[in-house]
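Chain by chain, the residues run as shown.
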Amino acid sequence: MAKVKGALIGCGFFAVNQMHGWRDLPEVEIVAVCDRDPERLKIVGDQFGVTRRYPSPEEMFADGGFDFVDIATTVGSHRALVELAARHRVPAICQKPFAPTLDDARAMVDAADKAGVPLMIHENFRWQTPILAVKEALGSGAIGTPFWGRVSFRSGFDVFSGQPYLARGKRFIIEDLGIHALDIARFLFGDVDRMTARTRRVNPQIAGEDVATMLLDHAGGVTSIVDVSYATRLPEEPFPETFVEIDGEKGTLRLGKDYRLVVHGPAGTCEQVVAPNLLPWASRPWHNIQESVALIQKHWIETLAAGKEPDTSGRDNLKTFALVEAAYLSAGRGETVDLAELLA
Ligand code: NAD
Ligand code: 89V
């Protein structure tokens, strides 16, 4: 059977995980890679044996010969690259965060729609094994209808050594990491009507906020807290684990340290470890994130073949990205922000 051919733009820090994920899918072949940095282009081209290498995305698209493009560059280039893919009618995956602004994100969804090609945002945290286990437990009805939730990521891990640009942006934790936690909150509790947020910068060496506390009113009636911090020094560093707490009308669910999931309800208390698999190319503590890359890529290939919209399509991810915008607006103004107004 003919392989699905892909091309990748951006051969940086995270793209290496994406290349490993693609290599593990027997039905996929990455036929071309692109990076404006010749050193990164060579490292990734050599490591994964890709001979078609381009310093410019325009040149790569002009040559063509691929069925989809995987955009793994940082946010400033996302709109131009998705629009370029749309002009060439090539289905595209774009890394989070979607775009610098909500207007850019909307324009990207429009461009893909007009071209009639799928657009998926690489929002992988909801594909983590422990988060999928939480979703399944919630869906089983074991704790009844949820009325309260918390999605929490608190760490003192040095993310700046691998991703130095994170220290320089005026926006930091909500845009980079909070976006994942907000997407998990949407995944578990549904869309959001109102957002109230507070932010802080504790680390004086960075430009953006490294702590955020967000209160979400979900349309279905759940109230949730999404709290994220890179200024939290714990006796045992939990990076990159996301903890989840849910109270339901009949019981409770807790996903805690070392992927321990406790579901308590009328049928009793069930405790299990829902640890991610350590893929052969993965390394601790990143393996949870790395496995979710492989899972979202599999989902992309399945939806592409079936002509279905991916779960984290551009259209869906507009609602997650709007939460990021709402959080910054709310924290800046000290007010609650109405999502319907923002998305109108
Ligand atoms: P990086 O800076 O290490 O890599 C980006 C690469 O893209 C660089 O090599 C750069 O030269 C190249 N590039 C940028 N613009 C380009 C353009 N227009 N044409 C060609 N090449 C270009 O960044 P990173 O840490 O790998 O992050 C990339 C993206 O991945 C970001 O959006 C980041 O938020 C996201 N990310 C996602 C996860 C996740 O779990 N989903 C984890 C880490 C990073
Ligand atoms: O997932 C991410 O976007 C990464 C990290 C987990 C380090 O924040 O930037």
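Use the structure listed above.
Quick look at the structure, then.

Criteria and cut-off values
- Residues numbered from 1 in each chain as written.
- Chains lettered and ligands numbered in written order.
- Predicted model: local features only at pLDDT ≥ 70, side-chain atom pairs only at ≥ 80, totals over all residues.
- Heavy atoms only, no water.
- 1 Å grid on protein atoms, 1.4 Å probe; cavity = no way out; pocket = protein on both sides within 12 Å on 5 of 7 lines; lining within 4 Å.
- Points joined across faces, edges and corners; volume = space filled by probe spheres on them.
- Helix = DSSP H or I, 4+ residues; strand = E, 2+ residues; numbered from the N terminus.
- Nonpolar A, V, L, I, M, F, W, Y, C, P; charged D, E, K, R; others polar.
- Near = heavy atom within 4 Å.
- Polar contact = N/O pair within 3.5 Å; in protein donor to acceptor, adjacent residues only side chain to side chain.
- Areas by Shrake-Rupley, 256 points an atom, 1.4 Å probe, with all protein chains shown as cover.
- Sits in = over half its atoms within 2 Å of the grid points.
- Salt bridge = Lys/Arg side-chain N within 4 Å of Asp/Glu carboxyl O.
- Phe/Tyr/Trp six-rings, centres within 6.5 Å; stacked < 30°, edge-to-face > 60°.
- Buried < 20%, exposed > 50% of the residue type's maximum accessible area, 1.4 Å probe, protein only.
- Lys NZ or Arg CZ within 6 Å of the ring centre and 35° of its normal.

1. Considering the layout of surface pockets
Working step 1: Space inside the largest pocket adds up to approximately 1200 Å³.
Working step 2: Along the wall of the largest pocket there are 49 residues; nearest its centre are Ala72, Thr73, Thr74, Val75 and Tyr165.
Working step 3: Put simply, the parts of the chain that give the lining of the largest pocket at least two residues each are α3 (57-63), α4 (78-87) and α7 (173-189).
Working step 4: The element that contributes the greatest number of residues to the lining of the largest pocket is α7, accounting for four residues.
Working step 5: Among the residues forming the lining of the largest pocket, the class breakdown is 26 nonpolar, 13 polar and ten charged.
Working step 6: Of the pockets and cavities examined, the second largest pocket occupies roughly 170 Å³.
Working step 7: If you trace the second largest pocket, you find it lined by Met19, Trp22, Arg23, Val28, Glu29, Ile30, Val31, Phe48, Gly49, Val50 and Thr51.
Working step 8: When residues of the lining of the second largest pocket are traced back to their parent elements, those giving at least two are α1 (15-24) and β2 (28-34).
Working step 9: Counting residues per element, the lining of the second largest pocket draws most heavily on β2, which supplies four residues.
Working step 10: Across the lining of the second largest pocket, the residue classes tally to seven nonpolar, two polar and two charged.

2. Let's talk about the site of ligand 1
Working step 1: With respect to spatial proximity, 26 residues lie near ligand 1, and among them Phe14, Asp35, Lys96, Asn124 and Tyr165 are the closest.
Working step 2: For ligand 1, an oxygen atom lies 2.8 Å from a polar atom in the backbone of Phe14.
Working step 3: Between ligand 1 and the protein, one listed contact pairs an oxygen atom with a backbone N or O atom of Thr73 at 3.2 Å.
Working step 4: Coverage of ligand 1 by the protein amounts to 88% of the 860 Å² it exposes when considered alone.
Working step 5: At a threshold of 2 Å from the grid points, most atoms of ligand 1 map onto the largest pocket.

3. Considering the site of ligand 2
Working step 1: Taken together, Lys96, Phe125, Val159, Gln163, Asp176, Leu177, His180, Tyr230, Trp286 and Ile289 make up the full set of residues adjacent to ligand 2.
Working step 2: In the environment of ligand 2, an oxygen atom lies 2.6 Å from a nitrogen or oxygen atom belonging to the side chain of Lys96.
Working step 3: Residue Gln163 places a side-chain N or O atom 2.9 Å away from an oxygen atom belonging to ligand 2.
Working step 4: Contact with the protein chains covers 94% of the free accessible surface of ligand 2, which is 260 Å².
Working step 5: Applying the majority rule of atoms within 2 Å of the grid points places ligand 2 in the largest pocket.
Working step 6: The element best represented in the shell around ligand 2 is α7, accounting for three residues.

4. Brief notes about the pattern of salt bridges
Working step 1: Following the criterion strictly, the structure yields 25 salt bridges and no others.
Working step 2: Put simply, Asp183 and Arg186 hold a salt bridge, and the shortest N to O gap is 3.8 Å. Placement of the pair is Asp183 and Arg186 together in helix α7, with a separation of three residues, close to one helical turn.
Working step 3: The salt bridge partner of Asp191 is Lys319, with a shortest N-O separation of 3.1 Å. Note that Asp191 is positioned in the loop between α7 and β8 (192-200) and Lys319 in helix α9 (residues 314-333), a separation of 128 residues in sequence.
Working step 4: The structure contains a network of salt bridges with shared partners spanning Arg126, Asp183, Arg186, Asp191, Asp316 and Lys319.

5. Quick look at the packing of aromatic side chains
Working step 1: Summed over the entire model, instances satisfying the criterion amount to eleven aromatic pairs.
Working step 2: Here the aromatic rings of Phe172 and Tyr230 are separated by 5.6 Å at their centres, their planes lie at 15 degrees, and the arrangement is stacked. Taken as a pair, Phe172 in the loop between β7 (146-154) and α7 and Tyr230 in the loop between β10 (223-229) and β11 (243-248) lie far apart in primary sequence, 58 residues in all.
Working step 3: Between Phe239 and Trp286, the ring centres sit 5.1 Å apart and the planes meet at 75 degrees, which makes this aromatic pair edge-to-face. In this pair, Phe239 sits in the loop between β10 and β11 while Trp286 sits in the loop between β14 (268-273) and α8 (287-306), placing the two residues 47 residues apart along the sequence.
Working step 4: Judged by relative accessible area, Phe239 falls into the buried class, the value being 7%.
Working step 5: Taken together, the ring pairs connect Phe13, Phe153, Phe157, Phe160, Phe172, Tyr230, Phe239 and Trp286 into an aromatic cluster.
Working step 6: The ring of Phe187 has Lys135 lying over it, and the distance from NZ or CZ to the ring centre is 4.6 Å.

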